[in-house]
Amino acid sequence: MVPGHEIVGVVTEVGSEVSKFNVGDHVGVGCMVMSCGACSFCKKQNEQHCSSVIWTYNSIDLDGTCTYGGYSDLMVANEKFVVRIPENLPLEGAAPLLCAGITVYSPMSHFKMTEPGKHLGVVGLGGLGHMAVKFGKAFGLKVTVISTSPNKREEALKNLRADAFLISKDMDAIKGAAHSMDYIIDTVSAPHDLDRLMTLLAPDGRLVLVGVPPEPFEIKPFSLIAGRRSVSGSNIGGIQETQEMLDFCGQKNITSTIEKISVDYLNIAMDRLSKADVKYRFVVDLETIERA
């Protein structure tokens, strides 16, 4: 399994029935390459929920072959699952928007977590978390980064312009911030205390899970009942919503913070990834593939 699913490039050829794109256009393909197009989810532009969705990698395509993702210098895709990259965005910075970006943008849009002046907490400052901070600031929200690592304070406040930084293990700080947040996006995929985060939510507040910890959460019913709080989950968005996000990024000049690498750097990059030594995505330049 080779999970390449944040793919960007330039159109080099179009089929006879293609109407949306022309040669030379900047485009991208995200996590999906096809769906049934007929179910209730597809009709509502939520292809990501289609039971017949074909993922960009490790799925069975319409012709019976396996999909292999985007680690290639050439990809053929149905125009329905291709999105347009705004011309003002560098391709390498736009690539992670197709998964990390839409994963945090979709719940913010769906749950109306976009009202200027409201308070957003972002749990975890990685590939997803840094995008949640960027979107939150672009929407005019007050943004607080919640992390276990004090070393990320300067990055959050100075480089990403978050308004506040909270250490999740500092119980005095947690108590001081109680009931102050309208929304929380939880991007962490390691075990952590959800009940503690719930104390940060104001009445009618919502916590959205986008990270995938390995173990089930435990949460006390009173954490939800008190203050009429909610916990939701969210995956990626549909194609229409992904295009909406990209257009918003073009308007606000938002890209992912990345490090572009060549193919021959991959082994070093994998070693650095194991040490969490990247801000915040490696993007592979596949034009560096050497031909035999």
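Residues numbered from 1 in each chain as written. Predicted model: local features only at pLDDT ≥ 70, side-chain atom pairs only at ≥ 80, totals over all residues. Heavy atoms only, no water.

Chemist: How do you make sense of the overall build of the protein when you look at a structure like this?
Modeler: Within the protein one finds 10 helices and 15 strands. Per-residue burial for the protein yields a buried fraction of 46% across its 292 residues. Within the protein, contacts between residues separated by at least 24 positions form 60% of all contacts whose residues are at least 6 apart in sequence. When the accessible surface of the protein is totalled, it reaches about 15400 Å², and 51% of it is carbon and sulfur. (Helix = DSSP H or I, 4+ residues; strand = E, 2+ residues; numbered from the N terminus. Buried < 20%, exposed > 50% of the residue type's maximum accessible area, 1.4 Å probe, protein only. Contact = heavy atoms within 4.5 Å. Areas by Shrake-Rupley, 256 points an atom, 1.4 Å probe, with all protein chains shown as cover.)

Chemist: Explain the pairing of strand S12 (residues 201–209) here, please?
Modeler: Along any regular strand, the residues point their side chains to alternate faces of the sheet. With 5 bridges joining them, strand S11 (residues 181–186) and S12 adopt parallel strand pairing. Residue pairing for S12: methionine 181 is matched across the bridge by leucine 201. Summarising the sheet, S12 and strand S13 (residues 230–233) pair through 4 bridges and their orientation is parallel. Opposite arginine 206, over in S13, you have serine 230 as the bridge partner. (Pairing = 2+ DSSP bridges.)

Chemist: What should I look at first to understand the environment of serine 149 in this one?
Modeler: Position of serine 149 among the secondary structure elements: in the loop between strand S9 (142–147) and helix H5 (153–159). Spatially, the C-alpha atoms of serine 149 and phenylalanine 41 are 39 Å apart, while their sequence positions differ by 108 residues. Non-local contacts of serine 149, meaning those with residues more than four positions away in its chain, are made with Phe165 and Ile167.

Chemist: I keep staring at the sheet that holds strand S7 (residues 83–84) and nothing clicks. Help me out?
Modeler: In a beta sheet, neighbouring strands are held together by backbone hydrogen bonds and run either parallel or antiparallel to one another. Reading across the sheet, the 3 strands line up as S1-S2-S7 and stay open at both edges, with antiparallel pairing between neighbours. Only two strands of the sheet have a single neighbouring strand rather than two, namely strand S1 (7–10) and S7. Pairing of S1 with strand S2 (residues 26–29), which is carried by 4 bridges, proceeds in the antiparallel orientation. Among the inter-strand pairings, valine 8 is bridged to a residue of S2, identified as glycine 28.

Chemist: Would you take a moment to explain the nonpolar core for this structure?
Modeler: Buried together is how nonpolar side chains tend to be arranged in soluble globular proteins. Counting 58 residues, the largest nonpolar core has Leu120 and Phe135 as the members making the most contacts within it. Discounting residues that sit within four places of it in the chain, phenylalanine 135 has contacts with Gly101, Val104, Tyr105, Met108, Met245, Phe248, Cys249 and Ile254. Val123, Ile146, Leu194 and Leu197 belong to the second-largest nonpolar core, a separate cluster that totals 14 residues. (Core = buried A, V, L, I, M, F, W, Y, C linked by side-chain atoms within 4.5 Å.)

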